[in-house]
Amino acid sequence: EIYDLACAPLVKRALNGQVGVIFAYGQTGSGKTHTMSGILEILSASDIFSELSDVSFSYIEILGRKIKDCLPSTTSDNCGGEETNDVQIGEGLNGAVLIRNMATHTVSDAAQLNIFIKRANATRATAATAKNDSSSRSHGVAMLKVKNKKTTVEGTLYIIDLAGSESSKDSKDHGKDRMKETKEINASLMVLKECIRARTNAARIGKGDTHVPFRQNKLTLLMKDVFDIGCSRLCSTVVIAACSPLACDIDHTAGTIKYASPLRVAVISSNNKQKKIEHDVHDPALWSNDGIIQWVQSTVSACVGSEKIDAKMFVNGLTGVQFCALPENDFYTRAETQLGDNEEIVEIAKRLYLGLWTLIVDAKTRKRRPDGSIITPEQEQEERRQLELAKVEKARIWAEREKHLRSDNGI
């Protein structure tokens, strides 16, 4: 039931080239690993395999700065020829997340994927705590990538089993090493919470320049597509809050729900005192069907074969917000419907998709004044110029004041 309600839509999005994230949060012993293992088992039996796509699977665990590959390959690219489990996560010059020393396994059917899932779960770090005899002491991250063979568009599904959070009374009997683990777990969960709060705030109109500190932790850096407002793909996140049914855990259960609550969709208040937001004519999500048709026609005009594209048929009655929600693969499919299977559709589909997401990101990061009005680039430049003039004038006044003070002292 949980899978059908919350996870199945994300799997479908990953198959269409988008990003889906499912993670479970809660105190240790509340059933997170059991739930996520069940989701992975159902996923392995779903219809993710087809002749039109390549499916790959990886699994790592993160504890503080230490990252281990739970499915290491039998071969290694290091000089000594020995297997290594030290995974490194970083960021390239182009902003892409880079993962080194992590094995990626191509899977062709459900049975093979199920074998990898069981192997990964068997190698995760566990230890006995006051609440759980086999508590997960790391964040388990399963990564399923689905690449369309025809369009080369790749979707990603992250299934993350977070390490259990512990209160001070639960960890009071821990030894030195276990206490260190607990501190690292709680610190990483706090960074994740801050990223969620910042990203939720960044989704509000006029708050697109909000800083999201996803680089503070390897887990959140790995999930950059989710937290980076400039990501050119739709990202959907589902959080499963695992709560203990015991009355003695009521305080921790309340904390779990409070932790997960910022993930709810941000809704603008209907309060009468809510300031009116200026309509952004450059936001494609606010365009009508006619506006989207005109944009498609003007965007593809420079492409080879654009004269064969019927913009009205390409848009197919969608409004701006519906068109913005289309996965990248749909752009290829719509172009192929009119032009057939040839090289022309690649240029047209890419130009439309990247052009649309440039407008979407620009709209998200558009600067506004406190009253909700939009600050245009020209106005922003003029405001900067006025600030510089004000600084120069202030410096002149202080120089004059100092000059008078010196002359008075001389008298």
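Everything below is about the structure shown above.
All values derive from a computational prediction rather than experimental measurement.

S.K.: Go over the overall build of the chain, please, and point to the residues and values.
M.R.: Of the regular secondary structure elements, the chain holds 13 helices and 11 strands. The buried share among the 411 residues of the chain stands at 43%. Restricting to contacts in the chain with at least 6 residues of sequence separation, those with at least 24 account for 67%. Of the accessible surface of the chain, which amounts to about 22,900 Å², a share of 52% is contributed by carbon and sulfur atoms.

S.K.: Tell me about the nonpolar core, and name the residues and values.
M.R.: Grouped together as the largest cluster of nonpolar side chains are 33 residues, with contacts concentrated most on V21, I60, V141, Y158, I160, L162 and F227. When contributions to this core are tallied by element, the ones reaching two or more residues are β1 (19–26), β2 (53–63), β9 (139–148), β10 (154–161), α4 (176–202), α5 (218–222) and α6 (224–227). Counting residues per element, this core draws most heavily on α4, which supplies seven residues. Residues L10, A24, V107 and V238 belong to the second largest nonpolar core, which totals 30 residues.

S.K.: Explain the packing of aromatic side chains to me, and be specific about the residues and the numbers.
M.R.: Any pair of aromatic rings gets described here by the distance separating the centres and the angle formed by the planes. Counted under the stated rule, the structure contains seven aromatic pairs. On the numbers, 6.5 Å between centres and 50 degrees between planes, the contact of W287 with W295 is tilted. With respect to burial, W287 and W295 carry one shared label: buried. Aromatic rings pair up to connect F314, F323, F331, Y353 and W357 into one cluster.

S.K.: Report on the pattern of salt bridges, specifying residues and quantitative values.
M.R.: Inspection of the entire model under this criterion finds 12 salt bridges. Notably, a salt bridge pairs D54 with K149, separated by 3.8 Å at the nearest N-O pair. One end of the pair, D54, is in strand β2; the other, K149, is in the loop between β9 and β10, and 95 residues separate them in sequence. Between R215 and E91 there is a salt bridge, with the nearest N and O atoms lying 2.7 Å from each other. Of the two residues, R215 is situated in the loop between α4 and α5 and E91 in strand β4 (residues 88–91); the sequence distance between them amounts to 124 residues. Through salt bridges with shared partners, one network takes in E91, R215 and K224.

S.K.: Break down unusual backbone geometry for me, with residues and values.
M.R.: The residue T152 is not glycine, and still its phi comes out positive at about 65 degrees. In this structure, N316 is a non-glycine residue whose phi angle is positive, near 60 degrees. By the secondary structure assignment, N316 is in the loop between α9 (311–315) and α10 (320–324).

S.K.: Just give me the short version of the packing of helix α8 (residues 289–299) against helix α12 (residues 344–364), but keep the residues and values in it.
M.R.: Remark: α8 packs on α12, axes separated minimally by 10 Å, with the N-to-C direction vectors making an angle of 125 degrees. On the basis of their axis angle, the class for α8 and α12 is oblique. For the crossing formed where α8 meets α12, the hand is right-handed. Packed against α8, whose contacting residues are W295, V296 and T299, the element α12 presents R351, L352, G355, L356 and L359 at the interface. Here the contact of α8 with α12 is built from residues that sort into five nonpolar, two polar and one charged.

Thresholds applied
- Numbering of residues starts from 1 in every chain and runs along the sequence as written.
- Per-residue local features of the predicted model are confined to residues with pLDDT of at least 70, and side-chain atom pairs are confined, for both listing and counting, to 80 or more; whole-chain, interface and lining totals are unaffected and use all residues.
- Derived side-chain values reflect all non-hydrogen atoms in the structure, with water molecules and hydrogen atoms excluded from consideration.
- Here a helix means four or more residues in a row that DSSP labels H or I, a strand means two or more in a row labelled E, and each is numbered from the N terminus.
- Only protein chains enter the accessibility calculation, which uses a 1.4 Å probe; a residue whose area is less than 20% of its type maximum is buried, one above 50% is exposed, and one in between is partly exposed.
- We call two residues in contact when some of their heavy atoms are within 4.5 Å.
- Here, Shrake-Rupley sampling with a 1.4 Å probe gives the accessible areas, and only protein chains in the shown set may cover a residue.
- Think of a nonpolar core as a cluster: buried Ala, Val, Leu, Ile, Met, Phe, Trp, Tyr and Cys residues, connected wherever their side-chain atoms sit within 4.5 Å.
- The pairing test for Phe, Tyr and Trp rings, Trp by its six-membered ring, is centres within 6.5 Å, and the orientation test on the planes gives stacked under 30 degrees, edge-to-face over 60, and tilted for anything in between.
- We count a salt bridge whenever a side-chain nitrogen from Lys or Arg sits within 4 Å of a carboxyl oxygen from Asp or Glu.
- The angle between two axes is taken between their N-to-C directions and runs from 0 to 180 degrees, where each axis is a line fitted to C-alpha atoms and a helix contributes only its stretch in contact.
- Each angle is binned into one of four classes, with values under 35 degrees roughly parallel, values over 145 roughly antiparallel, values of 65 to 115 roughly perpendicular, and all other values oblique.
- Crossing handedness follows the turn of the near helix against the far one: under a right angle anticlockwise gives a left-handed crossing, and clockwise gives a right-handed one.
- Gly falls in the polar group here, along with every residue not listed as nonpolar (Ala, Val, Leu, Ile, Met, Phe, Trp, Tyr, Cys, Pro) or charged (Asp, Glu, Lys, Arg).

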